Amino acid sequence: MEQENHTRFSGFLLLGLSDEAELQPLLFWLFLSMYLITISGNLLIILTTIYDSHLHTPMYFFLSNLSFSDICFTSTTIPKMLLNLYIQNKGITYEGCLTQLYFFILFAELDIFLLSAMAYDRFVAICHPLHYTTKMNPQLCVLLLLASWILSVLDSLLRGLLVLRLSFCTDLEIPHFFCEINQVIQLACSDNLLNVIEMYFATVLMGIIPLSGIVVSYSRIVSSVLRITSAGGKYKAFSTCGSHLSVVCLFYGTGLGVYLSSATTQNSRTSATASVMYIVVTPMLNPFIYSLRNKDIKGALKKLFSILNTMV
């Protein structure tokens, strides 16, 4: 017991993306720039949806919550990574690792549920436009958001408690830039079978089922749009869900890429590098995708910037 407690509180070593000393300043400024762009871009989306009353619709309600989730999702890993790069210290405490692991899972799963809710919103808007306001009422939107939070909190709490029961011995090096749950479980010197079973179960429940819902929603959307006779009508229908579909493909595509890279290579550093795509790049690009391809957001942003300019 004394050995177990000692190793628990001694913490872990996050090996990061590279051991080369000359690359550390470059990595620091690169990730700092991407982090600041992510925070500012998503904050602009949130402020714009709050400011413009025309954006007080279910789609933008979920979009603003997705932006908030992306800010928190990125903030669970990047600030600690930047701190380690700045002070040249790869350590993270046992408590810090568990905290990071818990919030990373929470906001990753919240992203998934919000993307699923947005897919359902687009399905109702395109396939049942006459019933959109009655079906996507404020009560349902709040209920979907609340359910997303509850499921995400409960699963991340369960995973955290299952990691808490593990004991760790001497090998405490994590070949990643954050406490990735699979890497942490592999370091345990006690039986981790229950953790592995829960991880596969959570993958099906929190990953595959929401993705299936998104696929079904868009298959129905495509089927409905193809029945529209005019080319202008088809373009208008597809344009309303193009931004969301782009974000879904980016999120799941990069996530699948990380999974495949970890499954096909024994080099964990390669997997860590690939995970930068969905942890940093995807949340950074989301505001640009929604603002560049959405006339409502662009118009609201112009109004917001013009008011800010008059105030200055």
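What counts and how
Residues numbered from 1 in each chain as written. Predicted model: local features only at pLDDT ≥ 70, side-chain atom pairs only at ≥ 80, totals over all residues. Heavy atoms only, no water. Helix = DSSP H or I, 4+ residues; strand = E, 2+ residues; numbered from the N terminus. Polar contact = N/O pair within 3.5 Å; in protein donor to acceptor, adjacent residues only side chain to side chain. Contact = heavy atoms within 4.5 Å. pLDDT = per-residue confidence, 0-100. Pairing = 2+ DSSP bridges. Axes fitted to C-alpha atoms, helices over the stretch in contact; angles between N-to-C directions. Parallel < 35°, antiparallel > 145°, perpendicular 65-115°, else oblique. Left-handed = near helix turned anticlockwise from the far one by under 90°. Nonpolar A, V, L, I, M, F, W, Y, C, P; charged D, E, K, R; others polar. Core = buried A, V, L, I, M, F, W, Y, C linked by side-chain atoms within 4.5 Å. Buried < 20%, exposed > 50% of the residue type's maximum accessible area, 1.4 Å probe, protein only. Disulfide = S-S within 2.5 Å.

1. Topic: the side chain of Ser 116
Tracing the backbone through its elements, the reader meets Ser 116 in helix α5 (residues 94-127). A polar side-chain atom of Ser 116 sits 3.0 Å from the main-chain carbonyl oxygen of Ile 112. Residue contacts for Ser 116: discarding those within four places in its chain leaves Pro 210 and Ile 214.

2. Remarks on the confidence of the model for the protein chain
Summarising the model, the protein chain shows a mean pLDDT of 85, and 91% of its residues fall at 70 or more. Note that residues 1-9 has pLDDT below 50 and, in this model, ten contacts with residues that lie over four places away or in other chains.

3. Focus: the sheet that holds strand β3 (residues 173-174)
The three strands are arranged β2-β1-β3 in an open sheet whose pairing can be described as mixed. The two strands at the open ends of the sheet, each matched to only one other strand, are β2 (91-92) and β3. Pairing geometry for strand β1 (residues 12-14) and β2, over two bridges, is antiparallel. Within β2, the residue paired with Leu 13 across the bridge is Gly 91.

4. Details of unusual backbone geometry
Positioned with a positive phi, Gln 88 is a non-glycine residue whose angle comes to about 55°. Residue placement: Gln 88 occurs in the loop between α4 (78-87) and β2.

5. Remarks on the packing of helix α3 (residues 58-75) against α5
Direction vectors running N to C along α3 and α5 enclose 165°, while the axes themselves pass 9 Å from each other. One way to sum up the angle between α3 and α5 is to call them roughly antiparallel. The two elements α3 and α5 cross, and the hand of that crossing is left-handed. When α3 is examined against α5, the residues Pro 58, Met 59, Phe 62, Leu 63, Asn 65, Leu 66, Ser 69, Asp 70, Cys 72 and Phe 73 are found in contact with a partner set consisting of Phe 104, Phe 107, Ala 108, Leu 110, Asp 111, Leu 114, Leu 115, Ala 117, Met 118, Asp 121 and Arg 122. Within the contact of α3 with α5, the residues separate by chemical class into 15 nonpolar, two polar and four charged.

6. Some details on the nonpolar core
Within the largest apolar cluster, 67 residues are counted, with the highest numbers of intra-cluster contacts made by Leu 17, Phe 31, Ile 78, Phe 177, Ile 221 and Ile 279. By residue number, the principal contributor to this core is α5, which donates 15 residues. Contacts of Ile 279, omitting those with residues within four sequence positions, involve Phe 73, Thr 74, Thr 77, Phe 104, Phe 177 and Phe 178. Counting 20 residues, the second-largest nonpolar core is a separate cluster that includes Ile 92, Cys 97, Val 163 and Leu 166.

7. Quick notes on the state of the cysteines
If you walk through the whole model with that rule in mind, you get one disulfide. In this model, Cys 97 is linked to Cys 179 through a disulfide, with the two sulfur atoms separated by 2.1 Å. Between Cys 97 and Cys 179, the disulfide has an S-S torsion of -130° and is therefore left-handed. Of the two residues, Cys 97 sits in helix α5 while Cys 179 sits in the loop between β3 and α8 (181-186), which places them 82 residues apart along the sequence.

8. Observations concerning the packing of helix α2 (residues 24-51) against α3
Contact pair α2 / α3: the axes reach a minimum separation of 9 Å and the direction vectors enclose 155°. The angle between α2 and α3 falls in the class roughly antiparallel. Note that α2 runs across α3; the crossing there is left-handed. Residues Tyr 35, Thr 38, Ile 39, Asn 42, Leu 43, Ile 45, Ile 46 and Thr 49 of α2 form the contact with α3, whose own contacting residues are Tyr 60, Leu 63, Ser 64, Ser 67, Phe 68, Asp 70, Ile 71, Thr 74 and Ser 75. In the contact of α2 with α3, the residues fall into nine nonpolar, seven polar and one charged.

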